[in-house]
Structures are given as structure tokens and as C-alpha cells.
Amino acid sequence: MSTVLVIGAGGVSSVAVHKMAMNAGIFTDIHLASRTKSKCDSIAASVKQRTGVEISTYEIDAEEVPAMVNLIRKIGPSLVVNLALPYQDLPIMDACLEAGVDYLDTANYEPKDEAKFEYKWQWAYHDRFKEAGLMALLGSGFDPGVTSVFSMWLKKHKLKTIRQLDILDCNGGDHGQAFATNFNPEINIREVTAPARHWENGEFVETPAMGKKVEFDFEQVGPKNMYMMYHEELESLARFIPELERGRFWMTFGDEYIKHLTVLQNVGMTGIEPIRFQGKDIIPLQFLAAVLPKPETLGETTKGKTNIGVIATGEALDGSGEKTFYIKNICDHEDAYAETGNQAVSYTTGVPAMIGSAMVVQGIWKGEGVFNMEEMDPDPFMEMLNGHGLPWTVEELPGPVEF
């Protein structure tokens, strides 16, 4: 029996709320709030049609802490699920502290004026949450989120140590658009255009954005070019797997995506510094995000599959020497849309948000302070993945990756 308040009304939120409604024995009272209430109402109508569950909706500016506190106190949730923009993490955490409620998100904080996302701002809240007797769970999406749980499951069941780790994120879907992003355009483009960083020999090594490309043959998708990028789970994995010698994150992009992105960069449309236009300050990237197709509208036309997983090499638990394992999930865009009205990129983040929330509200994962996914027991989360639309497989590879 639990009451939850979900903040945000994009594709990820839509999936999470649909899946919460499908688990009414865990989530007995679901509330949804966003800056644009009509988006919440649309999600609530879909949930009602698909599941028969009523969702209460509200208009809220998540950056207005007093208003957030008032809404939390009005609803009385046991958990606030932050599926809004990463810029809003800290004010929502502030509101949770003041209102006395647990917190969960899927992506770490990023300042509006700097394309640099890292955990230091949220880790700094640990003592405040601990003193308040509250729990904040960070990064309960797929990457970060499931990829961290995959890694810790391997360390619990297959590997005594993890020496090398590669996260491979492949979206083999085709949405039929000339150019569109599969999640929030502003966040997606900031991530892709930022310098790449990977963990090696105790420090982060920075390289040019999209500077390293490797072709990889993904099961049920086929060969795809993937590019080394920075992603926030590398920071938490390096912290909680101290023996890690090298950690890298890879994401696939098609040639058309790269071509369009290059042109947009060259003409200044990916900039985050304000420019003056017709007497007003505008952010080029925010303007671009406003004119691009919305990710939550792509579900109906998207075909194909995602394939996201972790390849880890280390000393085997059974004492048989060094081994390499590949653990992954494959998700079908059309299946995700049939179930929730959203494409698989939203689905693969929204389902783990629901599962992480279930772990917290049921007391399966508990603690006082700020926690990353790596600190939790992976087994109950992995079990729920199999039962709620994101089944996983694990296989032993002949040896470490050669790229």
C-alpha cells in the first residue's frame, strides 16, 4: 500500500505511470504533476483506458521549492519519483527534505549553463537525507540504472573482481523521421556533443566528442557503429567497483543522425549560451528542442529493437581464472508501444523507474542518505526486470573485448 507522486510528463514518465498502474498492489494511489497539466491529463487518460486505474494530475513548476513542498504535503506520498529534467533534481530533493519524503530519480543533476553532469551535487546531500531519516535513490533508469545493477549482479554471482567493463547501448529502431532524438532532445544533444570521458587506471581520460567509433554486431539488430561517450554511471561504477581498471560507455548512432548533428553544431544550433533574437534572449539548443519531434510522439512509427548491456571481465568467483560475461536486455519498440503507447527508449527507462520505486516503497531497498543503484542488492530488481517487460540474458564470452 503506497502513495507516489511522479514529477514530469514525458515518455519515460508515461511508461512509469502505466507500469505503476499495472501493479496496483504495490502502487495504490498514483499522482502525476508537471509544468504542463494537459500532458499529465493525456497520460492519465491513456492509463485509465488501458488499466482502469485513475491517476490524479496537477500543474507544478518543479523548480519552485515552496510550491513543490505544498503539493507533497497535500498528497502525502511515501515517495517522490523525479522524471523531470536533470536541472530540476536539486530543487526536488530540497522539497523532499523539507516535506519529509523519500526521493528517486533516473538521471543525475546537470546545471543549465554547463553541459557537465556528475554526481557530486547530489552526493553532497547524503548527510542531510541521513539526518532526516530519508532515502534518496539516484539513477533508477536503464543507463544509469539497470546497467549498474547488471554490473553488481555479475559481481555477486559470476566475478570476484571486475577489471574491465564496457556498457553498450544500441537503439536499432527506425522512427521514420529525417532527424529526431529518442529522448529529451536538449539532454540528448548535450550528452552527445560533450567531450567523451572514460575511466582508466584510477582517473577519467577525456577525448573529443564522437572521436572513437567501433562497429559491433548486436543480437537481433545487426552491425552498428557505436561511439565512446561519457555517461554518469561510469562515475558511480568507478566508486563502487574500486578495482576497476577501465570503464567505458558506448552508444550507437546512424550516419544520418551524425550528419544532421554535425550541421546543427556547425551553424550554432546546439549552443547553450543565450543569444539575442528579436529583443529576447534565447538558448539555441532549447529552440531546436522545441521544433524537433517530441520523443513521446515517435512510438507509433518506430520499428526495430534496442539492445543494451554490459560486458565485464575479471576474476571468476569459482576460482577458474579470468572470465568475460555479457549481460543484456533486448526490447522491441512495437511491443513497448502496444503495452504503454511509448517507444522502447522510453520503455527501457520507465520500467526501471517503476521497479526502483517498488523496491523503495516496499522496503526491499532501504537506507538513510543518498544512494546509487550499485549499493543495493541486485537480485530482487533483476527478478522484477524479468517479470515486467525487460527480460535479460547472460552469456560467457571467449575473452575480453578487443576494441
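1. Side note on the layout of surface pockets
Roughly 240 Å³ of internal volume is contained in the second largest pocket. Along its surface, the second largest pocket is lined by 15 residues, and Ser 14, Ser 42, Ile 43, Glu 296 and Asn 342 are the ones closest to its centre. The set of elements that each furnish at least two residues to the lining of the second largest pocket consists of helix H1 (11-21) and helix H2 (37-51). Of the residues forming the lining of the second largest pocket, the biggest block, 6 residues, is contributed by H2. Among the residues forming the lining of the second largest pocket, the class breakdown is 2 nonpolar, 10 polar and 3 charged.

2. Some words on the packing of helix H13 (residues 344-361) against helix H14 (residues 378-387)
The geometry of a pair of packed helices is captured by two quantities: the angle between their axes and the separation between those axes. One can describe the packing of H13 onto H14 by two numbers: an axis separation of 10 Å at closest approach and a directional angle of 135°. On the basis of their axis angle, the class for H13 and H14 is oblique. In terms of crossing hand, the pair formed by H13 and H14 is right-handed. Judged by residue contacts, Pro 352, Met 354, Ile 355, Gly 356, Ala 358 and Met 359 of H13 engage Pro 380, Phe 381, Met 384 and Leu 385 from H14. Looking at the contact of H13 with H14 residue by residue, the classes come out as 9 nonpolar, 1 polar and no charged.

3. Some thoughts on the sheet that holds strand E4 (residues 79-82)
On the basis of which strands lie adjacent, the open sheet formed by 7 strands has the order E3-E2-E1-E4-E5-E6-E17 and parallel pairing. Either end of the sheet is taken by a strand with one partner, and the two such strands are strand E3 (56-59) and strand E17 (369-372). Sheet twist, expressed as the mean angle between neighbouring strand axes with direction ignored, is 20°.

4. Quick look at the pattern of salt bridges
Scanning all chains against the criterion turns up 19 salt bridges. In this structure, the salt-bridge partner of Arg 35 is Asp 61, at a minimum N-O distance of 3.4 Å. Highlighted residues: Arg 35 in the loop between strand E2 (29-34) and H2 and Asp 61 in the loop between E3 and helix H3 (65-75), separated in sequence by 26 residues. Judged by relative accessible area, which is 46%, Arg 35 ranks as partly exposed. Taken together, the shared-partner salt bridges connect Arg 35, Asp 61 and Glu 63 into one network.

5. Considerations on helix H4 (residues 89-99)
Buried residues dominate H4, accounting for 8 of its 11 residues. Taken as a whole, H4 has its buried residues at Asp 89, Leu 90, Pro 91, Ile 92, Met 93, Ala 95, Cys 96 and Leu 97. Backbone geometry just after H4 places Gly 100 at a positive phi near 75°.

6. Some details on the pairing of strand E9 (residues 203-207)
Pairing between strand E8 (residues 196-200) and E9: 5 bridges, direction antiparallel. When the sheet's bridge partners are listed, Trp 199 is paired in E9 with Phe 204. Here E8 hands over to E9 after 2 residues, with Asn 201 in that stretch at a positive phi of 50°.

7. Here we look at the pairing of strand E12 (residues 246-252)
By the criterion of burial, E12 is predominantly enclosed, with 7 of the 7 residues buried. Neither face of E12 is exposed, since Arg 246, Arg 248, Trp 250 and Thr 252 on one face and Gly 247, Phe 249 and Met 251 on the opposite face are all buried. Pairing of strand E7 (residues 164-171) with E12, which is carried by 6 bridges, proceeds in the parallel orientation. By the bridge assignment, Asp 169 is partnered in E12 with Met 251. When E8 meets E12, the two strands line up antiparallel, connected through 2 bridges. If you follow Glu 200 over to E12, its bridge partner there is Arg 246. Summarising the sheet, strand E11 (residues 222-229) and E12 pair through 4 bridges and their orientation is antiparallel. Note that in E12 the partner of Met 229 across the bridge is Phe 249.

Definitions and limits used
- Throughout this document, residue positions are counted from 1 along each chain, in the order its sequence is written.
- For a predicted model such as this one, the threshold for reporting local features is a pLDDT of at least 70, and the threshold for listing and counting side-chain atom pairs is 80 or more; totals across whole chains, interfaces and linings nevertheless cover every residue.
- In computing side-chain values, all of the structure's heavy atoms are included and hydrogens and water are not.
- As defined here, a cavity is a set of points on a 1 Å grid over the protein atoms alone where a 1.4 Å probe fits but cannot get out. A pocket is an open set with protein on both sides within 12 Å along at least five of seven lines, and residues line them when an atom is within 4 Å of a point.
- Grid points are joined across faces, edges and corners, and a volume is the space filled by probe spheres set on the points.
- To qualify as a helix, a DSSP run of H or I must reach at least 4 residues; to qualify as a strand, a run of E must reach at least 2; elements of each kind are numbered from the N terminus.
- All residues other than Ala, Val, Leu, Ile, Met, Phe, Trp, Tyr, Cys, Pro, Asp, Glu, Lys and Arg, Gly among them, are scored as polar; the first ten of these are nonpolar and the last four charged.
- Interaxial angle, 0 to 180 degrees, is taken between N-to-C directions of lines fitted to C-alpha atoms, where a helix line uses only the stretch in contact.
- When an angle is under 35 degrees it counts as roughly parallel; over 145 it counts as roughly antiparallel; between 65 and 115 it counts as roughly perpendicular; any other value is oblique.
- Throughout, a crossing is termed right-handed when the near helix is turned clockwise from the far one, and left-handed when it is turned anticlockwise from it by less than a right angle.
- In what follows, a contact means two residues having at least one pair of non-hydrogen atoms within 4.5 Å.
- Think of it this way: DSSP has to see at least two bridges between two strands before they count as a pair.
- Counted as salt bridges are all cases of a side-chain nitrogen of Lys or Arg within 4 Å of a carboxyl oxygen of Asp or Glu.
- Three labels apply to residues, based on accessible area from a 1.4 Å probe with only protein chains included: buried if under 20% of the type maximum, exposed if over 50%, partly exposed otherwise in between.

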